[in-house]
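Chain by chain, the residues run as shown.
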Amino acid sequence: MTQDGDLDALVRQRIRGLRVARGWSLDELAAQSYLSPSTLSRIETGHRRIALDQLAPIARALGITLDQLVESGRDEDVVIRPHRHEARGYTTWMLSREDSPAGLTVAKMRITRRVPADLRVHPGRDWFIVLSGTVELRLAERTILVRAGEAAEFSTMVPHSFGAAGEPAEVLCILDHDGERTHLGPS
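These lines cover the structure that appears in this document, whether it is placed above or below. As the structure is a prediction and not an experimental result, all values here were calculated from the model. (Residues numbered from 1 in each chain as written. Predicted model: local features only at pLDDT ≥ 70, side-chain atom pairs only at ≥ 80, totals over all residues. Heavy atoms only, no water.)

Regarding helix α3 (residues 37-45), the residues found buried are T39, L40, I43 and E44. Buried residues of α3, seen end-on, are gathered within an arc of 130° and therefore sit on one face of the element. (Buried < 20%, exposed > 50% of the residue type's maximum accessible area, 1.4 Å probe, protein only. Helix = DSSP H or I, 4+ residues; strand = E, 2+ residues; numbered from the N terminus. Arc of directions from axis to C-beta.)

In structure tokens:
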């Protein structure tokens, strides 16, 4: 099968899968997309070419974007590999894609460094939950110990820094664009 044929088959599978997942018959999807049930059946089974003017109303009826319906099914980047930042004292696993629709970055971090002396400020908010170990969080003059099972959320306009309190700590964090650039970007 050609690459186009693979994508065509994937789109057909998605249409049928989303329709069935919603518990809809062909008649119900037809009513929502303003296409005939027989046209939808032929699209799903591959007996009719899919036209762009059909995909848009189908995607809208299924509650997804046209981009989501036709995005590539390639999965060469399924495995998330760690990135070590020796100089910064942590390892990161990026759990969200670069094109995350919410504009947020989700990452797991293994922090080995102590709290840096320099406190940083940037727009936005940071959030993290400690999975193991203890994180020392400095917010201006305050020092807060955040232990395993506890979470922290704070304005990043407050001068802040964080590091492992003793042994390495692992956290799951959610960062906005400015937080990602500050905490995970180039040093």
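The discussion continues.
A separate point is the sheet that holds strand β1 (residues 83-85). What the six strands build is an open sheet, ordered β1-β2-β3-β9-β4-β7; its pairing is antiparallel. In the strand order of this sheet, the two ends are held by β1 and β7 (151-155), each with one partner. Between one strand axis and the next, the sheet turns through 25° on average, direction left out of account. When strand β4 (residues 125-132) meets β7, the two strands line up antiparallel, connected through five bridges. Following the sheet pairing, R125 is matched in β7 by S155. (Pairing = 2+ DSSP bridges. Axes fitted to C-alpha atoms, helices over the stretch in contact; angles between N-to-C directions.)

The next thing to look at is unusual backbone geometry. With a phi angle near 60°, Y34 is a residue other than glycine that sits in the positive phi range. Position of Y34 relative to the elements: it lies in the loop between α2 (26-33) and α3. According to the relative accessible area criterion, Y34 is exposed, its value standing at 72%.

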